[in-house]
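One-letter residues, chain by chain:
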Amino acid sequence: MAEAMIEFQSVTKQYQSGQPAVDNLTMSIDKGSITVFVGPSGCGKTTSLRMINRMVEPTSGTITVDGKDVTSVPAAQLRRSMGYVMQSSGLMPHRSVLDNIATVPRLNGVSKTESRKRAEELLDVVGLASVLGKRYPSQLSGGQQQRVGVARALAADPPVLLMDEPFSAVDPVVRDELQQELLRLQRDLAKTIVFVTHDIDEATVLGDKVAVFATGGKLAQYATPEEILRAPANDFVASFVGKDRGFRHLAFSPSDAVILHDVPTVSHSALESGTAGLEGSDWALVVDADSRPMGWTSPGAGSSLIPGGSLFRKGETLRRALDSALSSPSGLGVAVDADGKLAGVLRADEVLAVIESARLVRQGAL
């Protein structure tokens, strides 16, 4: 059984007027895991997060971190012992990137030299070039600012990382990159992360466990993403997860049974020079000199390169397999190996057949 790092015991936050922001919350957050708080606006998810580091004080109940009641630790000291990342990154505009990252170590009494050395190391950890260390926040993109925010939160090597909708202000492509970066960091660092979002897709991508909050500050369901998608606890959770939860559930289904097929290929250089020699009406996959897919072409397209949709990496889920086929102009999903080289193509109808077979197996097991 996993060891608990954070525990809420009958925690309520009641403001002077209206219903409770958080109503009798009891839950245990596993050490070294990502736990996502998700729900509609005004459901108490951010209030619950902020009670962990006492940015908000509970009206009643107890919160413990690593077995210690958070009220037994001075609030400022408690906050410096945890990383905190917010939606707007919260960087100090008059300080360089390195000085922003070094903020908490400096507050904890670490020398300026050691703090800056740690900051330089963390730039690489969060995927930022070292030359960005001398810049100021206004000289960075939104995605870069959020990476700096994560680096600052990690600077004192805290066991707990609190993240309040950190990726909601960036565009979808950058958001996906940041999500994958966070998962990579977690594999390396194994922090206890509490992450707040209003996006159920983000919750199911990131969370080892997901806590769905309902209006009125009540915990509606607390389970693995797969269980929430497969078996919502009540009508509220089912409605919040959405009618396409069956498609989302494919993100937890392995694609081992999907068959890969050969596909005609042409080199990009041959396509550009007009020597590709395309015949018939079939699509052909355009590859570079290292057999990495670049897009599609067909006899009717001349020498033009047609964007190829999303790629499927061998070993990924059925959701990724189906998406690669449905997003492809040829109707064939492109599979690549770990090095990004062409491994074959897959057909949407065959992926759907695998999905149906898996559904029947699950149904028979119930």
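Scope of this entry: the structure provided in the associated data block. This one's a predicted model, so the numbers in the text were calculated from it and none came from an experiment. (Residues numbered from 1 in each chain as written. Predicted model: local features only at pLDDT ≥ 70, side-chain atom pairs only at ≥ 80, totals over all residues. Heavy atoms only, no water.)

### Here's the deal with the sheet that holds strand S15 (residues 332-336)
Put simply, the rule is: Between any two strands, at least two bridges found by DSSP are needed for them to pair. A helix here means a DSSP run of H or I that spans at least four residues, while a strand means a run of E at least two residues long, and both kinds are numbered starting from the N terminus. An axis is simply a line fitted to the C-alpha atoms; with a helix, the fit covers only the stretch in contact. Between two such axes, the angle follows the N-to-C directions and lies from 0 to 180 degrees.
The mixed open sheet is built from three strands, whose spatial order is S14-S15-S16. The open sheet is flanked by strand S14 (311-313) and strand S16 (342-347), the only strands paired with a single partner. The average angle at which neighbouring strand axes cross in this sheet is 35°, direction not considered. Direction of pairing for S14 relative to S15: parallel, over a ladder of three bridges. In the sheet register, Arg313 faces S15, and the bridge partner there is Val336.

### Things to note about the side chain of Glu181
As a reminder of what qualifies: Contacts between residues were defined by any pair of non-hydrogen atoms, one from each residue, lying within 4.5 Å.
With respect to the helices and strands, the residue Glu181 is situated in helix H7 (residues 172-189). Setting aside anything within four residues of it in sequence, one finds Glu181 in contact with Val125, Val126, Gly127 and Arg147.

### Things to note about the sheet that holds strand S7 (residues 160-164)
Through backbone hydrogen bonds, the strands of a sheet pair up, either in parallel or in antiparallel fashion. Within the open sheet, the six strands sit side by side as S6-S7-S8-S3-S9-S10. Their pairing is mixed. On the outer flanks of this sheet lie strand S6 (82-86) and strand S10 (218-223), each paired with one strand and no other. Strand after strand, the sheet turns through a mean of 15° between neighbouring axes, direction not considered. In terms of strand pairing, S7 meets strand S8 (residues 192-197) through five bridges, oriented parallel. Within S8, the residue paired with Leu161 across the bridge is Ile193.

### A few points about helix H5 (residues 112-125)
We count it as follows: Here a helix's expected span is defined as the number of its residues, less one, multiplied by 1.5 Å. Think of it in three bands: residues with accessible area under 20% of the maximum for their type are buried, residues over 50% are exposed, and the middle band is partly exposed, with areas taken using a 1.4 Å probe on protein chains only. As used here, the arc belongs to the directions running from the helix axis to the C-beta atoms.
Counted at 1.5 Å a residue, the expected span for H5 with its 14 residues is 20 Å, and the 20 Å between its end C-alpha atoms agrees. Residues of H5 that are buried include every one of Ser115, Ala119, Leu122 and Leu123, and no others. The arc that holds the buried residues of H5, viewed along the axis, is 110°, so those residues lie on one side. Turned more than 90 degrees away from the buried face of H5 sit Thr113 and Asp124, all of them exposed. Buried residues belonging to H5 abut helix H3 (97-101), helix H4 (103-107) and helix H6 (142-154). Positive backbone phi, at 80°, marks Gly127, one or two positions downstream of H5.

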